[in-house]
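Close look at the chain arrangement
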2 protein chains.
Amino acid sequence: MAPKYKLTYFPIAGLAEQIRFLFSYGGIEFEDHRIDPESWPTLKSTTPAGQLPTLEVDGKVLFQSIAIDRYLGHIVGLAGKTLLEDCEIDAVADTITDLRLGIRAWYQQEEGPKKEELKEKLLNEIFPFYFSKFEQWAVANGGYLALGRLTWVDIVAASLFEVFDNMAASKLQISSMLNGYPNLQKLQSTVFNIPSIKAWIEKRPADKPH
Amino acid sequence: MAPKYKLTYFPIAGLAEQIRFLFSYGGIEFEDHRIDPESWPTLKSTTPAGQLPTLEVDGKVLFQSIAIDRYLGHIVGLAGKTLLEDCEIDAVADTITDLRLGIRAWYQQEEGPKKEELKEKLLNEIFPFYFSKFEQWAVANGGYLALGRLTWVDIVAASLFEVFDNMAASKLQISSMLNGYPNLQKLQSTVFNIPSIKAWIEKRPADKPH
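Quick caveat: nothing in here was measured; it's all calculated off a predicted structure.

This part is about the overall build of chain A. Counting its secondary structure elements, chain A contains eight helices and four strands. Each helix (α) and strand (β) of chain A, taken in turn from the N terminus, gives the series β-α-β-α-β-β-α-α-α-α-α-α. The principal-axis extents of the C-alpha atoms in chain A amount to approximately 50 × 45 × 30 Å. Counting over 210 residues, chain A shows a buried share of 39%. For chain A, contacts bridging at least 24 residues in sequence account for 67% of all contacts bridging at least 6.

Written as C-alpha coordinates, this is what we have:
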(Lines give C-alpha, C1' and ligand atoms only; values in the text may rest on other atoms or scores of the structure.)
Protein backbone atom coordinates (compact mmCIF):
# COMPACT_ATOMS: atom_id res chain seq x y z
CA MET A 1 0.00 0.00 0.00
CA ALA A 2 1.25 3.47 -0.86
CA PRO A 3 2.41 5.44 2.19
CA LYS A 4 0.32 8.33 3.46
CA TYR A 5 2.21 11.63 3.06
CA LYS A 6 1.52 14.83 4.99
CA LEU A 7 3.63 17.88 4.14
CA THR A 8 3.51 20.70 6.70
CA TYR A 9 4.70 24.21 5.87
CA PHE A 10 3.73 27.86 5.91
CA PRO A 11 1.13 28.99 3.33
CA ILE A 12 3.83 29.92 0.82
CA ALA A 13 6.10 28.28 -1.77
CA GLY A 14 9.39 28.74 0.14
CA LEU A 15 11.27 25.55 0.96
CA ALA A 16 8.24 23.31 0.47
CA GLU A 17 7.47 24.05 -3.17
CA GLN A 18 10.33 21.87 -4.38
CA ILE A 19 8.76 19.00 -2.40
CA ARG A 20 5.33 19.73 -3.91
CA PHE A 21 6.99 19.67 -7.35
CA LEU A 22 8.57 16.28 -6.63
CA PHE A 23 5.25 14.81 -5.50
CA SER A 24 3.60 16.22 -8.62
CA TYR A 25 6.36 14.85 -10.84
CA GLY A 26 5.87 11.39 -9.34
CA GLY A 27 2.08 11.57 -9.48
CA ILE A 28 2.02 10.93 -5.73
CA GLU A 29 -0.92 12.06 -3.59
CA PHE A 30 0.01 14.11 -0.53
CA GLU A 31 -1.72 16.26 2.05
CA ASP A 32 -0.53 19.84 1.50
CA HIS A 33 -0.98 21.08 5.05
CA ARG A 34 -0.45 24.86 5.20
CA ILE A 35 -0.39 26.18 8.74
CA ASP A 36 -1.75 29.47 9.96
CA PRO A 37 1.46 31.46 10.65
CA GLU A 38 -0.07 32.53 13.99
CA SER A 39 0.07 28.93 15.18
CA TRP A 40 3.82 28.65 14.46
CA PRO A 41 5.19 29.75 17.86
CA THR A 42 3.17 26.94 19.49
CA LEU A 43 3.91 24.39 16.78
CA LYS A 44 7.64 25.10 16.59
CA SER A 45 8.67 23.11 19.65
CA THR A 46 6.79 20.06 18.39
CA THR A 47 8.90 19.84 15.20
CA PRO A 48 12.13 17.80 15.22
CA ALA A 49 14.47 20.75 14.68
CA GLY A 50 12.27 23.81 15.23
CA GLN A 51 11.81 24.22 11.49
CA LEU A 52 9.43 23.58 8.62
CA PRO A 53 8.90 21.86 6.26
CA THR A 54 8.29 18.47 7.80
CA LEU A 55 6.99 15.46 5.92
CA GLU A 56 5.08 12.75 7.74
CA VAL A 57 5.34 9.37 6.06
CA ASP A 58 2.89 6.98 7.66
CA GLY A 59 3.40 8.93 10.89
CA LYS A 60 7.24 9.10 10.81
CA VAL A 61 8.34 12.75 10.73
CA LEU A 62 11.02 13.64 8.18
CA PHE A 63 12.64 17.06 8.29
CA GLN A 64 15.23 19.27 6.54
CA SER A 65 14.07 20.17 3.05
CA ILE A 66 17.06 18.86 1.12
CA ALA A 67 16.95 15.52 2.99
CA ILE A 68 13.26 15.25 2.04
CA ASP A 69 14.03 16.20 -1.58
CA ARG A 70 16.66 13.46 -1.75
CA TYR A 71 14.28 10.89 -0.27
CA LEU A 72 11.54 11.76 -2.76
CA GLY A 73 14.07 12.03 -5.58
CA HIS A 74 14.86 8.36 -5.09
CA ILE A 75 11.18 7.45 -4.92
CA VAL A 76 10.21 9.25 -8.13
CA GLY A 77 13.21 7.96 -10.11
CA LEU A 78 15.24 11.18 -10.18
CA ALA A 79 18.25 10.02 -8.14
CA GLY A 80 21.64 8.71 -9.26
CA LYS A 81 22.25 5.14 -10.34
CA THR A 82 25.43 4.79 -8.29
CA LEU A 83 26.85 6.27 -5.09
CA LEU A 84 29.16 8.48 -7.15
CA GLU A 85 26.21 9.79 -9.15
CA ASP A 86 24.27 10.50 -5.95
CA CYS A 87 27.27 12.35 -4.56
CA GLU A 88 27.37 14.58 -7.64
CA ILE A 89 23.69 15.48 -7.22
CA ASP A 90 24.13 16.05 -3.47
CA ALA A 91 27.08 18.40 -3.98
CA VAL A 92 25.04 20.54 -6.37
CA ALA A 93 22.16 20.64 -3.87
CA ASP A 94 24.45 21.78 -1.05
CA THR A 95 25.95 24.45 -3.31
CA ILE A 96 22.46 25.81 -4.03
CA THR A 97 22.00 25.95 -0.25
CA ASP A 98 25.23 27.96 0.04
CA LEU A 99 23.73 30.48 -2.39
CA ARG A 100 20.43 30.48 -0.50
CA LEU A 101 22.23 31.29 2.76
CA GLY A 102 24.02 34.18 1.06
CA ILE A 103 20.65 35.59 0.00
CA ARG A 104 19.18 34.97 3.46
CA ALA A 105 22.01 36.85 5.19
CA TRP A 106 21.12 39.96 3.17
CA TYR A 107 17.35 39.43 3.38
CA GLN A 108 17.25 39.09 7.16
CA GLN A 109 19.57 42.02 7.82
CA GLU A 110 17.85 45.13 9.21
CA GLU A 111 17.82 48.20 6.95
CA GLY A 112 21.01 50.19 7.25
CA PRO A 113 24.57 50.43 5.96
CA LYS A 114 25.27 46.74 6.72
CA LYS A 115 22.33 45.71 4.55
CA GLU A 116 23.60 47.91 1.71
CA GLU A 117 27.01 46.29 2.06
CA LEU A 118 25.48 42.79 1.92
CA LYS A 119 23.43 43.83 -1.12
CA GLU A 120 26.57 44.95 -2.96
CA LYS A 121 28.26 41.69 -2.03
CA LEU A 122 25.27 39.73 -3.29
CA LEU A 123 25.13 41.55 -6.63
CA ASN A 124 28.87 41.80 -7.26
CA GLU A 125 30.23 38.62 -5.73
CA ILE A 126 27.72 36.00 -4.65
CA PHE A 127 25.34 36.04 -7.63
CA PRO A 128 28.05 36.16 -10.32
CA PHE A 129 29.97 33.41 -8.55
CA TYR A 130 27.14 30.94 -8.03
CA PHE A 131 25.01 31.63 -11.09
CA SER A 132 27.96 31.50 -13.48
CA LYS A 133 29.00 28.24 -11.80
CA PHE A 134 25.50 26.79 -12.23
CA GLU A 135 25.36 28.11 -15.79
CA GLN A 136 28.63 26.28 -16.55
CA TRP A 137 27.25 23.09 -15.06
CA ALA A 138 24.07 23.41 -17.12
CA VAL A 139 26.15 23.84 -20.27
CA ALA A 140 28.30 20.83 -19.39
CA ASN A 141 25.27 18.67 -18.56
CA GLY A 142 23.06 19.22 -21.58
CA GLY A 143 20.78 21.70 -19.82
CA TYR A 144 20.71 19.99 -16.41
CA LEU A 145 22.84 20.57 -13.32
CA ALA A 146 24.30 17.08 -12.96
CA LEU A 147 24.71 13.74 -14.68
CA GLY A 148 23.63 15.01 -18.11
CA ARG A 149 19.98 14.25 -17.34
CA LEU A 150 17.05 15.43 -15.24
CA THR A 151 17.57 14.73 -11.53
CA TRP A 152 15.88 15.91 -8.34
CA VAL A 153 18.33 18.77 -7.95
CA ASP A 154 17.04 20.36 -11.17
CA ILE A 155 13.55 20.38 -9.66
CA VAL A 156 14.94 21.94 -6.48
CA ALA A 157 16.88 24.56 -8.46
CA ALA A 158 13.94 25.52 -10.69
CA SER A 159 11.69 25.98 -7.68
CA LEU A 160 14.20 27.85 -5.51
CA PHE A 161 15.22 30.19 -8.34
CA GLU A 162 11.54 31.18 -8.58
CA VAL A 163 11.29 31.58 -4.79
CA PHE A 164 14.43 33.74 -4.72
CA ASP A 165 13.04 35.95 -7.48
CA ASN A 166 9.65 36.34 -5.83
CA MET A 167 11.27 37.14 -2.51
CA ALA A 168 14.12 39.36 -3.50
CA ALA A 169 14.52 40.30 -7.15
CA SER A 170 12.35 43.43 -6.98
CA LYS A 171 14.16 44.57 -3.81
CA LEU A 172 17.44 44.25 -5.71
CA GLN A 173 16.11 46.30 -8.65
CA ILE A 174 16.47 43.38 -11.04
CA SER A 175 13.66 41.52 -12.77
CA SER A 176 15.24 38.11 -12.22
CA MET A 177 18.42 36.70 -10.74
CA LEU A 178 18.68 34.50 -13.84
CA ASN A 179 19.15 37.45 -16.21
CA GLY A 180 22.26 36.75 -18.24
CA TYR A 181 22.19 33.02 -17.55
CA PRO A 182 20.27 31.60 -20.53
CA ASN A 183 20.93 27.98 -19.68
CA LEU A 184 19.51 28.41 -16.19
CA GLN A 185 16.44 30.16 -17.60
CA LYS A 186 16.06 27.23 -19.99
CA LEU A 187 16.52 24.72 -17.17
CA GLN A 188 13.78 26.41 -15.16
CA SER A 189 11.50 26.46 -18.19
CA THR A 190 12.20 22.77 -18.88
CA VAL A 191 11.17 21.86 -15.33
CA PHE A 192 8.12 24.14 -15.30
CA ASN A 193 6.95 22.58 -18.58
CA ILE A 194 7.05 18.98 -17.41
CA PRO A 195 3.32 18.23 -17.80
CA SER A 196 2.74 17.06 -14.21
CA ILE A 197 4.59 20.08 -12.78
CA LYS A 198 2.89 22.44 -15.21
CA ALA A 199 -0.47 21.10 -14.04
CA TRP A 200 0.53 21.66 -10.40
CA ILE A 201 1.67 25.23 -11.09
CA GLU A 202 -1.66 25.98 -12.76
CA LYS A 203 -3.71 24.81 -9.79
CA ARG A 204 -1.47 25.60 -6.79
CA PRO A 205 -2.64 28.04 -4.12
CA ALA A 206 -1.16 31.54 -4.20
CA ASP A 207 1.29 32.50 -1.46
CA LYS A 208 -0.25 34.07 1.62
CA PRO A 209 2.58 36.19 3.01
CA HIS A 210 1.95 37.51 6.52
CA MET B 1 40.28 -2.91 -7.98
CA ALA B 2 39.85 -0.48 -5.11
CA PRO B 3 39.46 3.11 -6.27
CA LYS B 4 42.30 5.57 -5.74
CA TYR B 5 41.25 8.31 -3.32
CA LYS B 6 42.86 11.74 -3.00
CA LEU B 7 41.52 14.08 -0.33
CA THR B 8 42.53 17.73 -0.71
CA TYR B 9 42.19 20.22 2.15
CA PHE B 10 44.03 22.78 4.21
CA PRO B 11 46.61 21.46 6.73
CA ILE B 12 44.02 21.34 9.51
CA ALA B 13 41.22 19.12 10.80
CA GLY B 14 38.31 21.42 9.80
CA LEU B 15 35.77 19.94 7.43
CA ALA B 16 38.11 17.19 6.22
CA GLU B 17 38.73 15.40 9.50
CA GLN B 18 35.32 13.68 9.41
CA ILE B 19 36.30 12.31 5.99
CA ARG B 20 39.66 11.12 7.34
CA PHE B 21 37.77 9.44 10.20
CA LEU B 22 35.46 7.66 7.74
CA PHE B 23 38.41 6.40 5.68
CA SER B 24 40.08 5.21 8.89
CA TYR B 25 36.90 3.52 10.05
CA GLY B 26 36.64 1.64 6.76
CA GLY B 27 40.34 0.75 6.67
CA ILE B 28 40.54 2.49 3.29
CA GLU B 29 43.83 3.91 2.02
CA PHE B 30 43.69 7.53 0.87
CA GLU B 31 46.10 10.28 -0.07
CA ASP B 32 45.80 12.97 2.60
CA HIS B 33 46.84 15.93 0.46
CA ARG B 34 47.27 19.04 2.64
CA ILE B 35 47.83 22.17 0.61
CA ASP B 36 50.05 25.07 1.47
CA PRO B 37 47.51 27.80 2.37
CA GLU B 38 49.51 30.23 0.24
CA SER B 39 48.60 28.22 -2.85
CA TRP B 40 44.87 28.49 -2.14
CA PRO B 41 44.10 31.70 -4.08
CA THR B 42 45.49 30.03 -7.22
CA LEU B 43 43.93 26.65 -6.53
CA LYS B 44 40.47 28.00 -5.65
CA SER B 45 39.25 28.56 -9.20
CA THR B 46 40.20 25.00 -10.16
CA THR B 47 37.84 23.47 -7.56
CA PRO B 48 34.22 22.72 -8.54
CA ALA B 49 32.65 25.24 -6.12
CA GLY B 50 35.58 27.35 -4.94
CA GLN B 51 35.81 25.32 -1.74
CA LEU B 52 37.71 22.54 -0.04
CA PRO B 53 37.60 19.67 0.77
CA THR B 54 37.48 17.86 -2.52
CA LEU B 55 37.83 14.13 -2.93
CA GLU B 56 39.17 12.67 -6.13
CA VAL B 57 37.94 9.14 -6.79
CA ASP B 58 39.84 7.66 -9.72
CA GLY B 59 40.10 11.20 -11.07
CA LYS B 60 36.44 12.24 -10.60
CA VAL B 61 36.26 15.24 -8.26
CA LEU B 62 33.68 15.06 -5.46
CA PHE B 63 32.96 18.16 -3.37
CA GLN B 64 30.84 19.45 -0.46
CA SER B 65 31.93 17.77 2.77
CA ILE B 66 28.54 16.36 3.78
CA ALA B 67 28.00 14.89 0.31
CA ILE B 68 31.41 13.21 0.58
CA ASP B 69 30.60 11.96 4.10
CA ARG B 70 27.36 10.41 2.83
CA TYR B 71 29.15 8.74 -0.08
CA LEU B 72 31.80 7.25 2.19
CA GLY B 73 29.20 6.40 4.83
CA HIS B 74 27.57 4.07 2.32
CA ILE B 75 30.91 2.57 1.33
CA VAL B 76 32.02 1.79 4.89
CA GLY B 77 28.63 0.37 5.95
CA LEU B 78 27.47 3.29 8.09
CA ALA B 79 24.44 4.36 6.03
CA GLY B 80 20.77 3.52 6.44
CA LYS B 81 19.19 0.31 5.22
CA THR B 82 16.20 2.06 3.63
CA LEU B 83 15.46 5.45 2.06
CA LEU B 84 13.61 6.49 5.23
CA GLU B 85 16.62 5.57 7.36
CA ASP B 86 18.93 7.52 5.07
CA CYS B 87 16.60 10.51 5.30
CA GLU B 88 16.80 10.42 9.11
CA ILE B 89 20.61 10.44 9.00
CA ASP B 90 20.63 13.21 6.37
CA ALA B 91 18.32 15.44 8.42
CA VAL B 92 20.63 15.15 11.44
CA ALA B 93 23.64 15.99 9.26
CA ASP B 94 21.96 19.11 7.87
CA THR B 95 20.97 20.19 11.39
CA ILE B 96 24.62 19.93 12.48
CA THR B 97 25.41 22.17 9.51
CA ASP B 98 22.82 24.68 10.75
CA LEU B 99 24.69 24.79 14.08
CA ARG B 100 28.02 25.11 12.29
CA LEU B 101 26.75 28.09 10.30
CA GLY B 102 25.61 29.74 13.54
CA ILE B 103 29.12 29.36 14.95
CA ARG B 104 30.66 30.57 11.70
CA ALA B 105 28.54 33.75 11.66
CA TRP B 106 30.00 34.71 15.06
CA TYR B 107 33.52 33.48 14.26
CA GLN B 108 33.86 35.44 11.02
CA GLN B 109 32.40 38.66 12.42
CA GLU B 110 34.93 41.44 13.04
CA GLU B 111 35.52 42.42 16.66
CA GLY B 112 32.96 44.91 17.88
CA PRO B 113 29.46 45.21 19.33
CA LYS B 114 27.95 43.02 16.59
CA LYS B 115 30.36 40.22 17.48
CA GLU B 116 29.43 40.52 21.16
CA GLU B 117 25.77 40.32 20.20
CA LEU B 118 26.37 37.19 18.10
CA LYS B 119 28.36 35.67 20.98
CA GLU B 120 25.46 36.20 23.37
CA LYS B 121 23.10 34.69 20.84
CA LEU B 122 25.40 31.70 20.42
CA LEU B 123 25.70 31.08 24.15
CA ASN B 124 22.10 31.82 25.12
CA GLU B 125 20.12 30.62 22.12
CA ILE B 126 21.99 28.65 19.48
CA PHE B 127 24.05 26.32 21.70
CA PRO B 128 21.24 25.47 24.13
CA PHE B 129 18.84 24.89 21.25
CA TYR B 130 21.03 22.62 19.13
CA PHE B 131 23.00 20.80 21.81
CA SER B 132 19.92 20.00 23.88
CA LYS B 133 18.26 18.76 20.68
CA PHE B 134 21.24 16.54 19.86
CA GLU B 135 21.40 15.39 23.50
CA GLN B 136 17.73 14.34 23.30
CA TRP B 137 18.40 12.46 20.08
CA ALA B 138 21.39 10.69 21.65
CA VAL B 139 19.23 9.65 24.60
CA ALA B 140 16.47 8.41 22.28
CA ASN B 141 18.94 6.50 20.08
CA GLY B 142 20.96 4.57 22.64
CA GLY B 143 23.90 6.96 22.51
CA TYR B 144 23.84 7.66 18.78
CA LEU B 145 22.19 10.49 16.84
CA ALA B 146 19.96 8.40 14.59
CA LEU B 147 18.58 4.89 14.00
CA GLY B 148 19.67 3.57 17.40
CA ARG B 149 23.05 2.54 16.03
CA LEU B 150 26.35 3.98 14.82
CA THR B 151 25.98 5.79 11.47
CA TRP B 152 28.18 8.16 9.49
CA VAL B 153 26.54 11.18 11.09
CA ASP B 154 27.92 10.16 14.51
CA ILE B 155 31.41 10.21 13.01
CA VAL B 156 30.71 13.65 11.52
CA ALA B 157 29.32 14.96 14.82
CA ALA B 158 32.21 13.63 16.93
CA SER B 159 34.75 15.23 14.61
CA LEU B 160 32.97 18.56 14.20
CA PHE B 161 32.34 18.92 17.94
CA GLU B 162 36.10 18.64 18.41
CA VAL B 163 36.77 21.13 15.61
CA PHE B 164 34.27 23.60 17.09
CA ASP B 165 35.92 23.29 20.50
CA ASN B 166 39.43 23.74 19.12
CA MET B 167 38.35 26.73 17.08
CA ALA B 168 36.07 28.54 19.43
CA ALA B 169 35.59 27.18 22.94
CA SER B 170 38.48 29.14 24.48
CA LYS B 171 37.26 32.34 22.78
CA LEU B 172 33.87 31.79 24.40
CA GLN B 173 35.44 31.26 27.85
CA ILE B 174 34.18 27.69 28.05
CA SER B 175 36.28 24.55 28.09
CA SER B 176 33.94 22.65 25.75
CA MET B 177 30.64 23.26 24.01
CA LEU B 178 29.60 19.80 25.17
CA ASN B 179 29.66 20.76 28.88
CA GLY B 180 26.32 19.77 30.34
CA TYR B 181 25.54 17.32 27.55
CA PRO B 182 26.79 13.99 28.92
CA ASN B 183 25.33 11.88 26.14
CA LEU B 184 27.10 13.94 23.49
CA GLN B 185 30.36 13.68 25.41
CA LYS B 186 29.82 9.93 25.55
CA LEU B 187 29.00 9.80 21.83
CA GLN B 188 32.22 11.61 21.01
CA SER B 189 34.18 9.30 23.26
CA THR B 190 32.54 6.23 21.69
CA VAL B 191 33.61 7.38 18.22
CA PHE B 192 37.13 8.40 19.30
CA ASN B 193 37.59 4.97 20.89
CA ILE B 194 36.70 2.94 17.83
CA PRO B 195 40.10 1.20 17.39
CA SER B 196 40.67 2.32 13.77
CA ILE B 197 39.75 5.92 14.58
CA LYS B 198 41.77 5.87 17.79
CA ALA B 199 44.78 4.70 15.77
CA TRP B 200 44.25 7.55 13.27
CA ILE B 201 43.95 10.15 16.04
CA GLU B 202 47.23 8.92 17.55
CA LYS B 203 49.16 9.27 14.32
CA ARG B 204 47.43 12.21 12.56
CA PRO B 205 49.39 15.38 11.79
CA ALA B 206 48.82 18.37 14.06
CA ASP B 207 46.91 21.35 12.65
CA LYS B 208 49.06 23.99 10.98
CA PRO B 209 46.98 27.12 11.40
CA HIS B 210 48.22 30.08 9.34
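This paragraph deals with the interface of chain A and chain B. Contact with chain A, which involves 24 residues of that partner, is made by 24 residues of chain B. Of all the secondary structure elements, the ones that give two or more residues to the side of chain A that touches chain B are strand S4 (60-63), helix H3 (65-75), helix H4 (83-108) and helix H5 (113-140) of chain A. Looking at side-chain class alone, the side of chain A that touches chain B contains 15 nonpolar, four polar and five charged residues.

Residues and elements named next belong to chain A. Spatially, S2-S1-S3-S4 is the arrangement adopted by the four strands of the open sheet, whose pairing is mixed. Two strands in the sheet have a free side with no partner beyond their single neighbour: strand S2 (31-34) and S4. The mean inter-strand angle of the sheet, taken between neighbouring strand axes irrespective of direction, is 25 degrees. Two strands pair when backbone bridges link them, and strand S3 (residues 54-57) and S4 are joined in this way by four bridges, in the antiparallel orientation. Residue pairing across strands places Glu56 opposite Val61, the latter belonging to S4.

After a rotation of 180 degrees and a shift along the axis of 0.0 Å, chain A superposes on chain B with an RMSD of 0.0 Å. Here the two chains are linked by the operation of a two-fold rotation axis.

Residues and elements named next belong to chain A. Orientation of H4 relative to H5, taken along the N-to-C sense of each, is 165 degrees, at an axis distance of 9 Å. Looking at the two axes, H4 sits roughly antiparallel to H5. Remark: the crossing between H4 and H5 carries left-handed chirality. Counting all contacts with H4, which are made through Val92, Leu99, Gly102, Ile103, Ala105 and Trp106, the residues of H5 involved are Lys115, Leu118, Lys119, Leu122, Ile126, Tyr130 and Trp137. By residue class, the composition of the contact of H4 with H5 is ten nonpolar, one polar and two charged.

The subject of this paragraph is the sheet that holds strand S4 (residues 60-63) of chain B. The pairing of strands in a sheet happens through backbone hydrogen bonds and is either parallel or antiparallel. Residues and elements named next belong to chain B. Taken together, the four strands give an open sheet; going across it, the order is S2-S1-S3-S4, and neighbouring strands pair in mixed fashion. Across the chains shown, the open sheet's two edge strands, defined by having one partner strand only, are strand S2 (31-34) and S4. Averaged over all neighbouring strand pairs, the angle between strand axes comes to 25 degrees, with direction disregarded. Looking at chain direction, strand S1 (residues 5-9) and S2 are connected through four bridges and run parallel. In the sheet register, Lys6 faces S2, and the bridge partner there is Glu31.

Cis peptide bonds are those with omega within 30 degrees of zero, and the linkage from Leu52 of chain A to Pro53 of chain A qualifies with 5 degrees. Mapped onto the elements, Pro53 of chain A comes out in the loop between helix H2 (40-44) and S3. Backbone geometry at Asp58 of chain B places phi at a positive 50 degrees, although glycine is not the residue there. Along the chain, Asp58 of chain B falls in the loop between strand S3 (54-57) and S4. By the C-beta count within 10 Å, which is 11 here, Asp58 of chain B ends up exposed.

Right, let's talk about the packing of helix H1 (residues 17-26) of chain B against helix H8 (residues 195-203) of chain B for a bit. Residue and element names in this part refer to chain B. Contact pair H1 / H8: the axes reach a minimum separation of 8 Å and the direction vectors enclose 125 degrees. When the interaxial angle is binned, H1 and H8 end up oblique. Here the hand of the crossing between H1 and H8 comes out right-handed. For the pair H1 and H8, the contacting residues are Arg20, Phe21, Ser24 and Tyr25 in the first and Ser196, Ile197 and Trp200 in the second. When the residues that make up the contact of H1 with H8 are grouped by side-chain class, the tally is four nonpolar, two polar and one charged.

Cut-off values and rules
Residues numbered from 1 in each chain as written. Chains lettered and ligands numbered in written order. Predicted model: local features only at pLDDT ≥ 70, side-chain atom pairs only at ≥ 80, totals over all residues. Helix = DSSP H or I, 4+ residues; strand = E, 2+ residues; numbered from the N terminus. Buried ≥ 20, exposed ≤ 12 C-beta atoms within 10 Å, placed from the backbone. Contact = placed C-beta atoms within 7 Å. Nonpolar A, V, L, I, M, F, W, Y, C, P; charged D, E, K, R; others polar. Pairing = 2+ DSSP bridges. Axes fitted to C-alpha atoms, helices over the stretch in contact; angles between N-to-C directions. Least-squares fit on C-alpha atoms with pLDDT ≥ 70 in both. Parallel < 35°, antiparallel > 145°, perpendicular 65-115°, else oblique. Left-handed = near helix turned anticlockwise from the far one by under 90°.

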